[in-house]
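Chains, contacts and geometry: an overview
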Amino acid sequence: MQRRPPRRPNARRRPQRASLAPAAAVNGGAPAERALPTEVVQLAPSLTVKEFAESIGVSAATVIRELLQNGVIASINQTIDFDAMSVVASDIGIEIREMQVEAREAMAEATEDRPEDLVQRPPVVTVMGHVDHGKTSLLDAIRKTRVTAGEVGGITQHIGAYQVEVHGQPVTFLDTPGHEAFTAMRARGARATDIAVLVVAADDGVMPQTREAADHARAAGVPVIVAMNKIDRPDADPQRVKQQLTELGLVVEDYGGDIVSVPVSARTGEGLETLLEMILFVAEMGNYRANPHRAAAGTVIEAKLDKARGPVATVLVENGMLNVGEVIVAGSHFGRTKALFNDKGKRVRQADPATPVEVLGLDGVPEAGDRFQVVPDERTARSLAAAGRRSAEARAHGGAREASLDAIMEGIRTGTLKELNLIVKADVRGSLEAITGAIQTVAESEAIQKEVRTKIVHSDTGNVTESDVMLAAATKGIVIAFNVRTEPGARRAADSQGIDIRTHNVIYHLTEDLEHLLSGMLEPEYAEVVRGEATVRQVFKIGRTHAAAGCYVTSGAIPRNAQARVLRDGELVHQGRIESLRRFKEDAREVQAGYECGITIVRFANFQEGDVIQAFSQEAVS
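Here's what I pulled together on the structure shown here. (Residues numbered from 1 in each chain as written. Predicted model: local features only at pLDDT ≥ 70, side-chain atom pairs only at ≥ 80, totals over all residues. Heavy atoms only, no water.)

**A few points about the overall build of the protein**
When you go through the protein residue by residue, the secondary structure sums to 16 helices and 33 strands. For the protein, with 622 residues in total, the buried portion stands at 50%. Working note: accessible area of the protein is about 30800 Å², and carbon and sulfur atoms make up 49% of it. (Helix = DSSP H or I, 4+ residues; strand = E, 2+ residues; numbered from the N terminus. Buried < 20%, exposed > 50% of the residue type's maximum accessible area, 1.4 Å probe, protein only. Areas by Shrake-Rupley, 256 points an atom, 1.4 Å probe, with all protein chains shown as cover.)

Here is the structure:
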């Protein structure tokens with residue numbers, strides 16, 4: 001008797017909810033879903049249905065079906081929040097965790113480097129200074145190549161990264177279009193520079209951009225070496241330059257300070273060896289080390305779209321070893337490294353710490369200053385890139401305002417920020433001196449200095465420029481403008497970055513404003529106030545991972561969204577936010593003593609009869 005072939009499973013048959021195993025997609029003939037991940041999956045706070053499905057390894061149809069069963073209607077390109085993703089993941093049997101934006105960098109630094117794994121790495125040197133003072137020509141002389149000849153008008157138009165040998169030791173140089181790019185990278189979280197070389201023309205002396213570059217370098221907290229270029233010019237005056245530097249607060253060693261100053265000439269080569277020796281000396285003092293045996297992480301120096309090669313990113317490896325074939329995430333983009341090229345254009349298989357390389361293989365062009373890191377697989381990379389994309393969108397719509405006045409005050413109020421950084425711009429020198437003196441007087445008042453430290457990061461005459469705004473963003477500070485206007489580009493940058501620009505034309509009003517500002521920043525004293533208590537009388541299971549507590553309010557009142565703690569036999573079991581509060585089947589804002597209610601608490605389901613739920617708040621003591 002001939003056996004009948006096994007009947008083909010009905011593609012429309014709904015699988016059991018207890019095990020939504022990877023099955024063929026409902027669109028017929030599509031490949032089966034990938035195996036569900038067994039580890040905890042970290043996801044961005046919000047994703048599209050497609051991105052969420054790809055991140056957890058199921059089809060978009062499965063996600064849409066699960067959302068429908070939970071009363072949520074969503075298309076494949078619609079964005080869903082983390083709560084909706086949690087419900088779907090719980091039903092499918094996947095554990096997910098919300099990934100904050102900072103988690104991208106935290107993942108790269110999650111593993112502590114053992115001291116025995118650390119090796120000496122090259123120092124990273126950024127060359128800064130006033131336009132046309134010879135920054136690129138100086139680097140050109142060091143590299144013995146013609147970089148300047150390839151630039152339009154001899155002015156650097158992009159960020160370049162180069163590595164040279166100095167007495168057998170490699171040194172990485174970053175050649176920037178100016179301090180604006182340096183500060184913009186710092187504002188985006190990049191901390192790629194170890195040493196700043198401030199180039200000052202010996203004939204021109206200190207210029208406005210020199211002053212700004214010096215303030216930006218000091219704000220970054222890196223050692224500064226002054227290179228007095230064009231020393232071969234007949235009108236060169238090194239002593240005048242040293243005096244001007246002292247007025248900037250950069251006291252050179254000749255005047256009893258700690259700033260290394262080297263007279264050089266990019267044209268004749270005079271003093272170059274001394275400058276390089278000073279760089280190696282400062283690097284030796286810094287003892288810069290890295291672990292080449294871990295996954296690579298670093299900073300995007302520049303990026304572009306090449307017609308022949310696609311997206312090309314110049315990255316600086318800060319830690320770890322970057323290899324061809326690894327999956328990397330850079331900002332909101334990811335991909336597998338197809339090829340690596342060093343600064344001389346040669347193809348390489350790997351890049352050591354503090355080495356700049358061009359990377360091919362990303363799915364888009366990242367931003368300069370974006371962090372990059374190597375991740376285990378594409379699923380992790382996709383999720384991290386999605387988190388970066390949401391962060392970039394929030395910044396574009398004014399959502400990311402880390403340097404806004406409200407954010408600064410909140411940071412100091414919560415104890416995470418104790419310093420107010422100021423960028424001061426005034427119309428004339430006399431006003432500037434009076435303002436800085438008044439600010440110092442206000443900052444040194446006994447009532448304020450105990451909790452808030454005020455620091456003038458940069459002060460100068462002239463209008464508020466985009467550079468001032470970028471410095472405020474990098475230092476999480478505010479701009480004070482006295483009798484000057486804000487340039488249009490600076491206003492646009494301030495709006496997008498959330499930077500507060502406080503404009504005044506009367507010094508008395510300025511100091512009064514600052515007093516009010518600092519006084520508002522003083523940490524208030526907080527005391528805990530118990531709002532109400534309720535006893536758990538019955539526990540209701542909701543699915544496999546959630547539960548609600550049927551309670552009777554014994555004292556006070558239980559407000560919705562309040563902080564609460566669960567006490568069992570007088571011992572703390574859990575503390576978290578009340579997620580929902582209901583009377584019968586209706587949502588309630590507050591339930592008074594003597595009434596029954598249903599309570600759920602965020603990320604807690606282990607209620608037991610007899611537990612006490614205590615709602616409380618922190619209130620400022622006047």
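**Details of the nonpolar core**
Residues Leu138, Phe173, Ile195, Ile225, Leu275 and Ile279 are the most contacted members of the largest nonpolar core, which totals 28 residues. At the level of secondary structure, the elements contributing two or more residues to this core comprise β6 (124-129), α5 (135-143), β7 (160-166), β8 (169-175), β9 (195-201), β10 (224-229), β11 (260-263) and α9 (272-286). Ranked by residue count, the leading element in this core is α9, at seven residues. Those residues in contact with Leu275 that lie beyond four places of it in its chain are Leu138, Ile225, Ala227, Val262 and Val264. Membership of the second largest hydrophobic core comes to 24 residues, among which are Leu43, Val88, Ile92 and Ile94. (Core = buried A, V, L, I, M, F, W, Y, C linked by side-chain atoms within 4.5 Å. Contact = heavy atoms within 4.5 Å.)

**With respect to the packing of aromatic side chains**
Evaluation of the coordinates by the stated rule reveals one aromatic pair. Judged by centre distance (5.0 Å) and plane angle (85°), the ring pair of Phe604 and Phe607 falls under edge-to-face. The exposure classification of Phe604 matches that of Phe607, with both residues buried. Sitting over the ring of Tyr552, Arg537 keeps its end group 4.2 Å from the ring centre. When the ring centre of Phe616 is taken as reference, the NZ or CZ atom of Arg565 above it lies at 4.0 Å. (Phe/Tyr/Trp six-rings, centres within 6.5 Å; stacked < 30°, edge-to-face > 60°. Lys NZ or Arg CZ within 6 Å of the ring centre and 35° of its normal.)

**Some remarks on helix α12 (residues 429-443)**
Between its terminal C-alpha atoms α12 stretches 21 Å, which fits the 21 Å expected from 15 residues at 1.5 Å a residue. Of all the residues in α12, the buried ones are Ser431, Leu432, Ile435, Ala438, Ile439, Val442 and Ala443. One face of α12 carries all of its buried residues, which in axial projection span an arc of 130°. Counted as exposed and oriented over 90 degrees from the buried face of α12: Glu433 and Thr441. (Expected span 1.5 Å × (residues − 1). Arc of directions from axis to C-beta.)

**Structural notes on the pattern of salt bridges**
According to the stated counting rule, one finds 18 salt bridges in the structure shown. Between Asp468 and Lys425 there is a salt bridge, with its nearest N and O atoms 2.7 Å apart. Here the residue Asp468 occupies a position in helix α14 (residues 466-475), and Lys425 occupies one in strand β22 (residues 419-426), the gap between them amounting to 43 residues. Residue class for Asp468 comes out buried when judged on its relative accessible area of 1%. Among the residues examined, Lys425 registers a relative accessible area of 2% and is labelled buried. Glu596 is the partner of Arg537 in a salt bridge, and the nearest nitrogen-oxygen pair spans 3.7 Å. (Salt bridge = Lys/Arg side-chain N within 4 Å of Asp/Glu carboxyl O.)

Coordinates in, geometry out; function isn't part of it.
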